[in-house]
Amino acid sequence: MHRILMTGAAGGLGKLMRAPLREMAPVLRLADLADAGPAQEGEEVVTCDLADAAAVDAMVEGVDFIVHFGGMSVENTFEVILQSNIRGTYNLFEAARRQGKPRILFASSNHAIGFYEREARLDANAPLRPDSLYGVSKCFGEALASYYWDKFGVESVCVRIGSCFPEPRDRRMLATWLSPADLARMIRCIATAERVGHTVLFGASANREQWWDNSHAAYLGWTPQDSSEPYRAAIEAAHPPKPCDDPAVRYQGGGFAAAGHFED
Ligand code: NAI
Ligand code: 15L
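Values in this document were obtained by computation on a predicted structure and should not be read as measured data.

> Break down the site of ligand 2 for me, with residues and values.
Around ligand 2, the neighbouring residues are Ser 73, Val 74, Ser 109, Asn 110, His 111, Tyr 134, Gly 162, Ser 163, Phe 165, Arg 172, Met 173 and Phe 256. Between His 111 and ligand 2, the recorded distance is 2.7 Å, taken from a side-chain N or O atom to an oxygen atom. Across the shell around ligand 2, the residue classes tally to 5 nonpolar, 6 polar and 1 charged.

Structure, rendered in structure tokens:
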């Protein structure tokens with residue numbers, strides 16, 4: 001693997017994964033609409049709007065593996081979601097199909113299944129239950145990934161990331177937290193696996209409360225090593241419990257499931 005492309009390089013996960021990805025290949029191409037900062041040794045920085053098909057084609061040229069973080073990462077207007085996440089993800093897969101079919105890690109989200117209750121235990125066969133238009137856009141990305149594998153042989157892993165931040169931020173994240181180090185190890189497993197076909201993977205660390213079962217993807221060799229447990233006492237002290245029937249507690253998607261329609 002010579003060149004890795006990471007979209008969304010100026011965002012939260014882009015910043016966290018920049019150093020680990022630099023160690024995985026000689027060249028790391030960093031792309032975003034926003035400023036990703038100056039290129040370091042072994043890096044290429046590209047400004048690209050994912051909604052611009054020609055720009056996405058140029059961005060994908062010559063890459064061997066893609067980590068697709070770019071896009072609107074929370075709920076927004078349909079127009080914003082449409083351009084960044086729906087058109088943008090289509091442009092990315094289409095560019096990959098026409099240019100050597102690099103393997104793609106698609107950053108999906110727990111919000112693709114956010115309307116399951118917290119007591120549910122899901123595997124990748126559970127029907128989708130998005131909790132927002134943002135979640136719907138991730139369902140679109142997952143369907144696109146399935147289609148591009150079945151019809152064109154473009155390999156992908158759709159990672160339904162829980163909550164990936166340096167530390168868990170609230171009670172819900174004690175269950176959904178994915179440590180940046182576990183994410184970096186996961187990316188390495190996905191990049192180096194002999195074959196991934198089209199796989200859906202849940203992204204959470206080895207937290208005490210587990211909602212998601214990844215046993216179908218054991219072949220990847222990814223075993224989370226971190227846990228939210230060391231943060232529990234501080235989080236529970238800082239965030240008083242809410243009633244269990246509060247939609248933000250009841251559903252896996254938390255506040256995304258509880259919120260009204262963004263444009264109302
Ligand atoms: P972020 O919002 O910090 O970063 C997203 C980046 O995408 C931004 O730098 C933004 O400028 C860029 N972007 C947005 N629209 C674009 C466009 N049209 N063209 C080019 N670039 C565009 O989000 P974060 O937290 O880094 O998440 C990265 C990815 O992972 C997102 O796709 C998000 O949906 C997904 N994800 C993240 C989770 C988390 O816990 N951080 C959880 C679940 C999914
Ligand atoms: C996501 O999909 C978002 O991108 C991230 O900002 C968090 O809100 C995360 O889900 C979460 O559910 O905690």
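> So, the nonpolar core: which residues are in play, and what are the values?
With 35 residues, the main nonpolar core has Met 6, Leu 21, Phe 69, Leu 183, Ile 187 and Ile 190 as its most contacted residues. Among the secondary structure elements, those contributing two or more residues to this core are strand S1 (3-7), helix H1 (12-22), strand S2 (27-32), strand S4 (65-68), strand S5 (103-109), strand S6 (156-161) and helix H6 (180-192). With 7 residues, the single largest contributor to this core is H6. Once residues lying within four places of it in the same chain are set aside, the contact partners of Phe 69 are Met 6, Thr 7, Gly 8, Leu 13, Gly 14, Met 17, Ala 107, Leu 183 and Ile 187. Counting residues in hydrophobic clusters, the runner-up holds 21 residues, among them Ala 31, Leu 144, Val 154 and Val 200.

> Got a sec to walk through the pairing of S1? Specific residues and values, please.
Counted residue by residue, S1 has 5 buried out of 5 residues, so it is predominantly covered. Where burial is concerned, the two faces of S1 agree: the one with Arg 3, Leu 5 and Thr 7 and the one with Ile 4 and Met 6 are both buried. Here S1 runs beside S2; their pairing, made up of 5 bridges, is parallel. Bridged to Ile 4 within S2 is Leu 28. Between the parallel elements S1 and S2, the chain passes through H1 in a crossover that is right-handed. Strand direction decides the pairing type here: S1 and S4, joined by 4 bridges, are parallel. Looking at S4, one finds that Leu 5 is bridged to Ile 66.

What counts, and at which threshold
- Residues numbered from 1 in each chain as written.
- Chains lettered and ligands numbered in written order.
- Predicted model: local features only at pLDDT ≥ 70, side-chain atom pairs only at ≥ 80, totals over all residues.
- Heavy atoms only, no water.
- Near = heavy atom within 4 Å.
- Polar contact = N/O pair within 3.5 Å; in protein donor to acceptor, adjacent residues only side chain to side chain.
- Nonpolar A, V, L, I, M, F, W, Y, C, P; charged D, E, K, R; others polar.
- Core = buried A, V, L, I, M, F, W, Y, C linked by side-chain atoms within 4.5 Å.
- Buried < 20%, exposed > 50% of the residue type's maximum accessible area, 1.4 Å probe, protein only.
- Helix = DSSP H or I, 4+ residues; strand = E, 2+ residues; numbered from the N terminus.
- Contact = heavy atoms within 4.5 Å.
- Pairing = 2+ DSSP bridges.
- Right-handed = clockwise from strand over helix to strand, strands pointing away.

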